[in-house]
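Report on the structure
Residues per chain, in single letters:
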Amino acid sequence: MTPDVRDRADRPARVESHNGVGGGAIPESDWNRALHLIKQADEVALVCHVTPDGDALGSMLAVAFVLRSMGKRVVASFGDQPFAVPRLLRFLPGQEMLVPPAEFPVAPELVISFDSSTFERLGMLGDNTARAREVIVVDHHPSNAGFGTLGIIDAKAAATAMLAEQLIYRLGGRLDRDIATCLYAGLVTDTGSFRHSSTTPAVHQMAARLVATGLRTDEIARELWDRSPFSYLKVLAAALDRVKLEGGLVWTYVTRVDRAAYGLPYAELEGIIDIVRRTDEAEVAVVLKEDDQGAWQVSTRSKGTVDVAAACAALGGGGHHNAAGYTSHATVEETMAAFKRELGMA
Ligand SMILES: [Mn+2]
């Protein structure tokens, strides 16, 4: 038996109140303008941030399904070169709608950007997006300064997927299992499987609507959290072997050489921070991950008293109070010294 999620009774009575306490962070006039722009457009180009996570890609694909069902030409991409969907997200439905960045319109009529706080986070599609006639920015990063021509931005929303769900309802779209799977991937990614402080009643209410479509929460959880190649364990061992505890800071790093020894792609490193940040003695956790170009991608986590977003923003990155990051072209030692200075530790 498939629950009838098309029934309007299953939809939130006041969709604008669903993204956080008090609701209504986004003015009705902005929602109306977004609907107007979308309805007017023949082709809608969708983009999300580079090396997409479940929230970025899931939100984008969910909306892509709905736009396609409305008869729109839909182009969806992200600005990574080489272009590849991260392994963890290959279970998401709708990937046949993705095109490589080279096939993205050079000067689009309408772009909708998902989960990206800046043009720069769109990577090589930042320029295409900047040339678009209209850019609707759907995002929940507090650091989003409002790029584009229309912001659908709510820093209180636990995930961009929450805003994407509202957009879908407002477009007259219906949740089916594929759309719900995409949105659910976004919701569980950004709430850490309903563990982070962002997990409000509205998050669980949204999850209930999504799960009611019959999606497989167990399979999604295994795809996202509970699998990795054997080589991951070897690289993790190398990272943990050199982990340091300094004051309230626990940190380590993973080099290209570590990964090359076991043929592990960069994208597989994402979960290491979740192991490092368990440390009872540390308030802040940092993992430096050397990417294929030799730059350090710095992942930082806080347990709550320290605002790592502020520190990362000062170093050219961004994120959320408890989870943020930035890119460093300095050495490991210089990178950590700069980060400690920002935290007031040095
Ligand atoms: Mn997000």
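The rules behind the values
- Residues numbered from 1 in each chain as written.
- Predicted model: local features only at pLDDT ≥ 70, side-chain atom pairs only at ≥ 80, totals over all residues.
- Helix = DSSP H or I, 4+ residues; strand = E, 2+ residues; numbered from the N terminus.
- Rg over C-alpha atoms; globule rule 2.2 N^0.38 Å.
- Buried ≥ 20, exposed ≤ 12 C-beta atoms within 10 Å, placed from the backbone.
- Contact = placed C-beta atoms within 7 Å.
- Pairing = 2+ DSSP bridges.
- Axes fitted to C-alpha atoms, helices over the stretch in contact; angles between N-to-C directions.
- UniProt positions renumbered as here; feature names shortened; annotations may be inferred.

Moving on, we come to the overall build of the protein. Counting its regular elements, the protein contains 12 helices and 11 strands. Since a compact globule built from 346 residues should have a radius of gyration of about 20 Å, the 20 Å found for the protein is in line with a globular shape. Counting only C-alpha atoms, the protein reaches 55 × 40 × 40 Å along its principal axes. In the protein, which comprises 346 residues, the proportion classed as buried is 44%. Relative to all contacts within the protein whose residues are 6 or more apart in sequence, the contacts with residues 24 or more apart total 65%.

Turning our attention to the sheet that holds strand β8 (residues 284–290). A sheet is described by the order of its strands in space; here 6 strands give the open sequence β6-β7-β8-β9-β11-β10, paired in mixed fashion. At either end of the open sheet lies a strand with only one pairing partner, and these are β6 (244–246) and β10 (318–320). Adjacent strand axes in the sheet meet at a mean angle of 20° when their direction is disregarded. Looking at chain direction, strand β7 (residues 249–254) and β8 are connected through 6 bridges and run parallel. For Val254, the partnering residue across the bridge sits in β8 and is Lys289.

Under the UniProt annotation, the feature "domain: DDH" (unreviewed entry) is placed at residues 44–186. Segment residues 44–186 splits into 30% helix and 18% strand. End C-alpha atoms: 21 Å apart.

Taken residue by residue, a regular strand's side chains alternate between the two faces of the sheet. Within strand β9 (residues 296–302), 7 of the 7 residues are buried, which leaves it mostly tucked inside the rest of the structure. On β9, burial covers both faces: Trp296, Val298, Thr300 and Ser302 on one face and Gln297, Ser299 and Arg301 on the other are all buried. The pairing of β8 with β9 spans 7 bridges and is classified as antiparallel. What sits directly across from Val284, in β9, is Ser302. If you look at the hairpin formed by β8 and β9, you'll find 5 residues sitting between the two strands, and Gly294 has a positive phi there, around 90°. Looking at chain direction, β9 and strand β11 (residues 323–328) are connected through 6 bridges and run antiparallel. Opposite Gln297, over in β11, you have Thr327 as the bridge partner.

Pairing is parallel across the open sheet formed by 5 strands, whose spatial order is β2-β1-β3-β4-β5. Whereas interior strands pair on both sides, the edge strands pair on one side only; in this sheet they are β2 (73–78) and β5 (150–153). Between one strand and the next, the sheet's axes are offset by a mean angle of 20°, whatever the strand orientation. Sheet topology note: the strand β1 (residues 43–48)/β2 ladder contains 6 bridges and is parallel. Its bridge partner being in β2, Glu43 is matched across the sheet by Arg73. Relative to β5, helix α1 (residues 28–40) is tilted by about 120°, and along the sheet it contacts β1, β3 (110–114), β4 (134–139) and β5. Contacting β1, β2, β3 and β4, helix α2 (residues 54–69) crosses the sheet at an angle of about 170° to β1.

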